[in-house]
Amino acid sequence: MIINLWINDKEFMDDVAPDKMLLDYLRSKGFFSVKRGCETSNCGMCTVLLDGKPVLSCSTLTVRANGKHIATLEGLQAEALEIGGFMADEGAEQCGFCNPGFIMNVIAMKRELKDPGEDQIKKYLMGNLCRCSGYMGQLRAIKKYLAAEKEGAK
Amino acid sequence: MKVVGQGVRKKDAMSLVAGKPVYTDDIVPANCLIVKLLRSPHAHALIQDINVDKAEKMPGIECVLTFRDVPQSRFTTAGQSYPEPSPYDRLILDRRVRCIGDPVAIVAGADEAAVNKALEAIKVKYEVLEPLVDFRIAKDHPILVHPEADFKTLIPVGADNRRNLCASKQFEYGNAEEEFKRCAHIIEQTYRTKANQQTMMETFRTYAVMDVYGRLNVTSSTQVPFHVRRILANALQIPKSKIRVIKPRIGGGFGAKQSIISELYPAVVTWKTGKPSKMVFTRQESFAAGRPRHESEIKIRLGADEKGMIQAIHMDTLWNAGAYGDHGPTTVGLSGNKSMTIYGQAKAYKFDYNVVYTHTLGGGAFRGYGAPQGFFALESAVNELSDRLGMDPMLLRMQNMLCGGQVGHLMHAYDEVEPLSSCALERCLAKAREMIGWDEKYPSREMDNHKVRAVGCAVALQGSAIAKLDLGSVEIRLNDDGFYTLLIGAADMGTGCDTILSQIAAEALLCDYDNVVVQGVDTDLSPYDKGSYASATTYMTGMAVVKTCETLKKKIIAEGARLMGRSAETAGFDGQKVFALDGDQSISLKDIANNSLLGWNRYLAASEAHSSPISPPPFIAGAVEIELDKLTGKVEIIDFAAVIDCGTVINPNLARVQAEGGIVQGIGMALYEEAQFSPKGRLYNDSFLKYKIPTRLDMGKIRVEFESSYEPTGPFGAKSIGEVVINASCPAIAHAIHNATQHYFRELPITSEQVLLSMQKKP
Amino acid sequence: MFTINQYVLAESLEQAYALNQSRINVILGGTLWLKMGRKKFNKAIDLSALGLDTIEEDEDQFKIGCMCTLRQVETHQGLDQHFDGVVAKALESIVGVQLRNGATVGGTLYSRFGFSDVLTVLMALDASVERYKGGIVSLADYAAMRPDNDILVRVLIKKDPRRASYSCFRKSAGDFPVLNCAVSKLEDQWAVVIGARPGRARRIMFTVGGTPSEENIQSIVETVRGSIPFGTNLLGSAAYRRILAEVLLRRNIEAILMGGAQ
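Residues numbered from 1 in each chain as written. Chains lettered and ligands numbered in written order. Predicted model: local features only at pLDDT ≥ 70, side-chain atom pairs only at ≥ 80, totals over all residues.

Okay, the overall build of chain C next. Each helix and strand in chain C was counted, giving 11 helices and 12 strands. The C-alpha atoms of chain C give 18 Å as radius of gyration, which agrees with the globular expectation for 262 residues (18 Å, within 12%). Across its three principal axes, chain C shows a C-alpha extent of roughly 60 × 45 × 30 Å. Looking at chain C residue by residue over its 262 residues, the buried ones come to 52%. (Helix = DSSP H or I, 4+ residues; strand = E, 2+ residues; numbered from the N terminus. Rg over C-alpha atoms; globule rule 2.2 N^0.38 Å. Buried ≥ 20, exposed ≤ 12 C-beta atoms within 10 Å, placed from the backbone.)

As a further point, take the overall build of chain A. Across its full length, chain A carries five helices and five strands. Expressed as lengths along the three principal axes of its C-alpha atoms, the size of chain A is roughly 45 × 35 × 25 Å. Across chain A, every contact between residues at least 6 apart in sequence was considered, and the portion connecting residues at least 24 apart equals 59%. (Contact = placed C-beta atoms within 7 Å.)

A separate point is the interface of chain C and chain A. Listed per partner, the contact involves 23 residues of chain C and 24 residues of chain A. Put simply, the parts of the chain that give the side of chain C that touches chain A at least two residues each are β1 (3-9), α2 (32-35), β3 (40-46) and α6 (97-100) of chain C. It is β1 of chain C that contributes the most residues to the side of chain C that touches chain A, five residues altogether. Here the side of chain C that touches chain A is composed, by residue class, of 10 nonpolar, 10 polar and three charged. (Nonpolar A, V, L, I, M, F, W, Y, C, P; charged D, E, K, R; others polar.)

Take the sheet that holds strand β2 (residues 45-51) of chain B next. The three strands are arranged β4-β2-β6 (chain B) in an open sheet whose pairing can be described as antiparallel. If you trace the sheet from one side to the other, it starts and ends with β4 (96-97) and β6 (123-128) of chain B, each paired once. (Pairing = 2+ DSSP bridges.)

A separate point is the domain arrangement of chain A. Residue and element names in this part refer to chain A. Under the domain assignment, chain A is made up of domain 1 (2-74) and domain 2 (76-153). For domain 1 and domain 2, the distance between their C-alpha centres works out to 21 Å. Contact residues are listed per partner, giving 16 residues for domain 1 and 14 residues for domain 2. Every element with two or more residues in the side of domain 1 that touches domain 2 is listed here: β3 (47-50) and β4 (53-56). Per-element tally for the side of domain 1 that touches domain 2: the top contributor is β3, with three residues. Of the residues that constitute the side of domain 1 that touches domain 2, the class distribution is nine nonpolar, four polar and three charged. (Domains from an automatic or database assignment.)

Residues and elements named next belong to chain B. With 12 residues, helix α12 (residues 425-436) ought to run about 16 Å at 1.5 Å a step, and its terminal C-alpha atoms sit 16 Å apart, in line with that. Among the residues making up α12, those that are buried are Leu-425, Glu-426, Arg-427, Cys-428, Leu-429, Ala-432, Arg-433 and Ile-436. Taken together, the buried residues of α12 touch α11 (393-400), α13 (438-441), β19 (451-461), β27 (619-629) and β28 (635-645). Just downstream of α12 lies Gly-437, where phi reads positive at about 75°. (Expected span 1.5 Å × (residues − 1).)

Turning our eyes to something else, we now look at the sheet that holds strand β9 (residues 163-170) of chain C. Residue and element names in this part refer to chain C. Strand order in the open sheet formed by four strands is β9-β10-β11-β12, and the pairing between neighbours is antiparallel. At either margin of the open sheet sits one strand with a lone partner, and together these are β9 and β12 (202-207). Put simply, the sheet's adjacent strands are angled 15° from each other on average, direction ignored. The sheet contact formed by strand β10 (residues 177-186) and strand β11 (residues 189-195) spans seven bridges and is antiparallel. Bridged to Lys-185 within β11 is Trp-190. Relative to the sheet, helix α8 (residues 117-124) contacts β9, β10, β11 and β12, its axis offset from that of β10 by approximately 15°. Running at roughly 35° to β10, helix α11 (residues 238-257) makes contact with β9, β10 and β11 of the sheet. (Axes fitted to C-alpha atoms, helices over the stretch in contact; angles between N-to-C directions.)

Contacts between the two partners involve 41 residues from chain A, matched on the other side by 43 residues from chain B. Looking at the side of chain A that touches chain B, the elements that each hand over two or more residues are α2 (77-88), α3 (99-112) and α5 (136-153) of chain A. Tallying contributions element by element places α2 of chain A first for the side of chain A that touches chain B, with six residues. Considered class by class, the residues forming the side of chain A that touches chain B number 21 nonpolar, 13 polar and seven charged.

A separate point is unusual backbone geometry. Following Tyr-82 of chain B, the chain continues into Pro-83 of chain B via a peptide bond in cis, with omega recorded as 0°. Its place among the elements puts Pro-83 of chain B in the loop between β3 (61-65) and β4. Omega for the bond connecting Arg-197 of chain C with Pro-198 of chain C falls within 30 degrees of zero, at 15°, which places this linkage in the cis form. As for its position among the elements, Pro-198 of chain C is in the loop between β11 and β12. Residues other than glycine seldom take positive phi values, yet Asn-31 of chain B does so here, at roughly 65°. Position of Asn-31 of chain B relative to the elements: it lies in the loop between α2 (24-27) and β1 (33-39).

Let us look at the domain arrangement of chain C. All names here are of chain C. By the assigned domains, chain C splits into domain 1 (3-46), domain 2 (55-158) and domain 3 (164-257). A straight line from the C-alpha centre of domain 2 to that of domain 3 covers 19 Å. On the domain 3 side, the residues contacting the 22 residues of domain 2 number 23 residues. Sorting the residues of the side of domain 2 that touches domain 3 by element identifies α5 (86-91), α8 and α9 (139-144) as the ones contributing at least two each. Looking at the side of domain 2 that touches domain 3 element by element, the count peaks at six residues for α8. The residue inventory of the side of domain 2 that touches domain 3, partitioned by class, reads 13 nonpolar, four polar and five charged.

Moving on to the environment of Arg-140 of chain A. Structurally, Arg-140 of chain A can be placed in helix α5. Residues Arg-140 of chain A and Thr-60 of chain A, spaced 80 residues apart in sequence, show a C-alpha to C-alpha distance of 31 Å.

Residues and elements named next belong to chain C. The interhelical angle for the contact between helix α10 (residues 214-227) and α11, taken along N-to-C directions, is 140°, at an axis separation of 10 Å. With respect to their mutual orientation, α10 and α11 come out oblique. The two elements α10 and α11 meet at a crossing, and its hand is right-handed. Contacts between α10 and α11 involve Ile-217, Ile-220, Val-221, Val-224 and Arg-225 from the former and Arg-242, Ala-245, Glu-246, Leu-249, Arg-250 and Ile-253 from the latter. (Parallel < 35°, antiparallel > 145°, perpendicular 65-115°, else oblique. Left-handed = near helix turned anticlockwise from the far one by under 90°.)

This part is about the pairing of strand β29 (residues 701-706) of chain B. All names here are of chain B. Residues Ile-702, Val-704 and Phe-706 of β29 are buried on one face, while the alternating residues Lys-701, Arg-703 and Glu-705, pointing to the opposite face, are not. With six bridges joining them, β28 and β29 adopt parallel strand pairing. Looking across to β29, one finds that Ile-644 is bridged to Phe-706. Regarding topology, helix α17 (residues 652-671) serves as the crossover connection from β28 to the parallel β29, and that connection is right-handed. (Right-handed = clockwise from strand over helix to strand, strands pointing away.)

It is worth spelling out the environment of Lys-35 of chain A at this point. All names here are of chain A. Along the chain, Lys-35 turns up in the loop between α1 (22-28) and β3. When the C-alpha atoms of Lys-35 and Arg-64 are compared, they prove to be 20 Å apart, with 29 residues separating the residues in sequence. The contacts of Lys-35, once residues within four sequence positions are left out, are Met-45, Cys-46, Phe-97, Pro-100 and Gly-101.

Right, let's get into the packing of helix α14 (residues 497-509) of chain B against helix α15 (residues 537-563) of chain B. All names here are of chain B. Closest axis-to-axis distance for the α14/α15 pair is 9 Å, and the angle between their directions is 30°. Pair α14 / α15 crosses with right-handed handedness. Contacts from Cys-497, Ile-500, Leu-501, Ile-504, Ala-505, Ala-508 and Leu-509 of α14 reach α15 at Thr-537, Thr-538, Thr-541, Gly-542, Val-545, Val-546, Cys-549 and Lys-553. Its residues assigned to classes, the contact of α14 with α15 comprises 10 nonpolar, four polar and one charged.

What follows concerns the confidence of the model for chain C. Averaged over every residue, the pLDDT of chain C is 96; residues scoring 70 or more account for 99%. This prediction of the complex comes with two scores: 0.97 for pTM and 0.98 for ipTM. (pLDDT = per-residue confidence, 0-100.)

Right, let's get into the environment of Arg-197 of chain C. Residue and element names in this part refer to chain C. With respect to the element layout, Arg-197 can be found in the loop between β11 and β12. When the 24 C-beta atoms within 10 Å are taken as the criterion, Arg-197 is described as buried. Residues Arg-197 and Arg-162, spaced 35 residues apart in sequence, show a C-alpha to C-alpha distance of 25 Å.

Structural data, given as structure tokens:
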């Protein structure tokens, strides 16, 4: 089926199989930041923004993205480096495999929640698993990032 | 120190957080054949016939391989130095299948859909045999897992395939039975742990291509590139010189990737077809065909006098190797050698173990490598002893455990007898006690709403590389303008060893961290390193870095002096320049470097190897506060305080995150992680849907502090940290649950259901 | 992974219904569960263009379109102000926001999953479902029916002043519930719903005037434990679920009596 969609504000037109998942389509187009970590929609590694909302690209049919806007980390590099900088300053990025999906969801959270407390942050990011870091360093980084954002906005 | 001790960003951090394509499946060549396996649905069977005619001819299929098409020489898939202690009990494809998931055929084709169709078209006729699934009855059972005549072990590990023994040993120091007779108190209990899965976020994956020299180039997500090279050569029966192994960025390993798992299949496909091929394990495959932590049953006798001084420890360990030996013979030793060593004043240690074969998924290496099981058992026994004595468990430990005052004493129960070289454990435990508020909280406090809070504690150690055996070398080159290239064979799997080793180099060379560029690993280009396991990269490879820097500095001084027309003894080096010790003359490193590339000067590079005769233990003291819901049995982790002696902390950020990560893995192991098998040996929980690892809502506060001893044999006084960090969680949590409920929990994981059902009985 | 021959963006419910009469066609919800299976479908029907992804609120009720995501339902301000915020409470521990941005109410309820927190909480609120051909039926009845080829178009929740509370037990965050429970009270009518037994949610109605005494509560507990079957699976045993049922039930009743969801 022929679809057209926007990935990081660039228009793509393609003939895709009706059962091709968005994750595989994105990687076939060179968006390698989007990772597969499981087959059961549990890990969050494949998170992308679909019309601004964080979704699991492993569980989204590409054809359903027809006419829609998708954002991957490749298109959010400035924010990625900013959030990532705070993570790097904690040593929390570790193996890095969960980073893209995690940072995408942090970006979504920052846009959706106003001034989230620790509990809200943890709940929002719950769907992003990490096996390396023990989550504490990630939380330190997010809190510092949000505080810096707040400071910068003043 | 300027660089060591700083929490610098990892060298690769910004690429990782920006999502750059740096992992195996991001850099794989286009048009790679896709390789998949047909796997046995039976735990024990013989392939009577396998018909691949139809599959082979299907569109897009390049080849279909069966046991007839692969070399018949057995090997091991355990990444260990050669000659491996692991039995050579495996073939790439075997006629006898020994566990559900054992490979039966290899299919390579143009795309996944074609390969999946071909897999369905392969017809296998199995003679289904009775499987042996219970490791408690495996030894001397009539059903043999490895009856083959060509089963072999290269070094004696007490294996006997006619008895289903993968390894066995008896060890004794002193006379345990005599000591037990004199003991006022003896704790005699059996402890059980289950298989756990590493669940690194990047599954196993490999691709292979033939290069311009007709050699097999294998790029793999592996912790052990040099062992991969050797093992593939063994498996394919080709010279080692025909293989090159490259390690890109890896999405975690935790020991899973210390075995050769996905490498075999693209290697054989590409070697046979000449075409690039790749294999990416699904998560389901990584669960069902990975290498989980070994299941164990550990009987302990712990004897003490009236004052609570431990006199004798006897550990009798039964270890489930599963279908293949892999890391079975080597992990089991740590269950006793690491745990008993921490109580260094006992008069007798006895350690017996049996590693048995069963028709279940073969176990492998997982952080701690046998020590977590051993510490769960022994520390739990020590906590039971403290109850028996009516003594505070931390005080009981203080008077028995290794401490700074025992530096120099021989550790008789250790893997190899060696003197304790550095220790700050007593400071660690004292601090953990203070951090958790032990005095106010021990043993427990009733809360509102049917909840109770309780605390528990444990101490543990690990090693720093394997004494005498492990070897790592590095090369450092001086380049134009004075920057250094650090070439390593140690495999960074996200831990940050690239960074740590660069920090050590920068400190030793007296330059900025950014002045050292690091590269690894490519077995054609990198100096040999045994790989990233046994907590070796900082301690062992780090010393190779220190030694190499010393050699290189001498060369820089000699060359700088020569360029100044002086002799080397009259010159010094401050990182920026070589200068006259007795005058104003100096020449910048930049000038020396640029000159060194000219034929009439000397090119400057150095390469040293290091192996340590000892393996100085790092230490951890862990104290945990839990809240237990008496109505449901649910255990919440409120606060985990860990204080670690890893010697000098090279990078406090990375050390802290290693600790937090290990502690949380231990929480999963303690409370709910368990690979669950059916009576026929099928893994029930082969997905993240059913095998749950801790999420960020599953731990409360984790607080990590460091109390550093100075390890004279380590780089700038450092030991290791990678594995010790997982060892305290299980016994500390089990202890806290005991203090909350008065019941002892001697089997992991301690699920809420078990807690509740226990509480319904009398303690 | 499932396979599809053709994707159809339905232009009307009539078209969707007609296509759905074939057993090898399927209506797409969030496709999360579908993806874990291996079924081979001919036509996959998408209802996304039919305006069924909104939550309408008027004086009398909430009308939740079948294509609303769980996250939409969870974050709906109006819904959150009713029933002691119990709907958000029931939804917020399900795996993660990304999953809830994909899973649909229609797909979840049609599937009648045993583990469903959505089914449990909506049954306690006496929700109804509007089916394309089959009209409106109570969710409790719908849950007991076998899945058929009709289309679940909307979920309807009457705005009444009932109090409600939701409680569930999970072994770890993000896991399936070992058991879940929702209770609501409207005057003297108490609705007790137990789900993830591991079977799908079941509801029992009780009439208790005034404030229930300990005897009333004990009687409710015994009736629930006596008439709702519990089973054993990897998550837990029947015996454990029976114990949890009482714990969750009492917690919910207490929360309602204290005036709000816990």
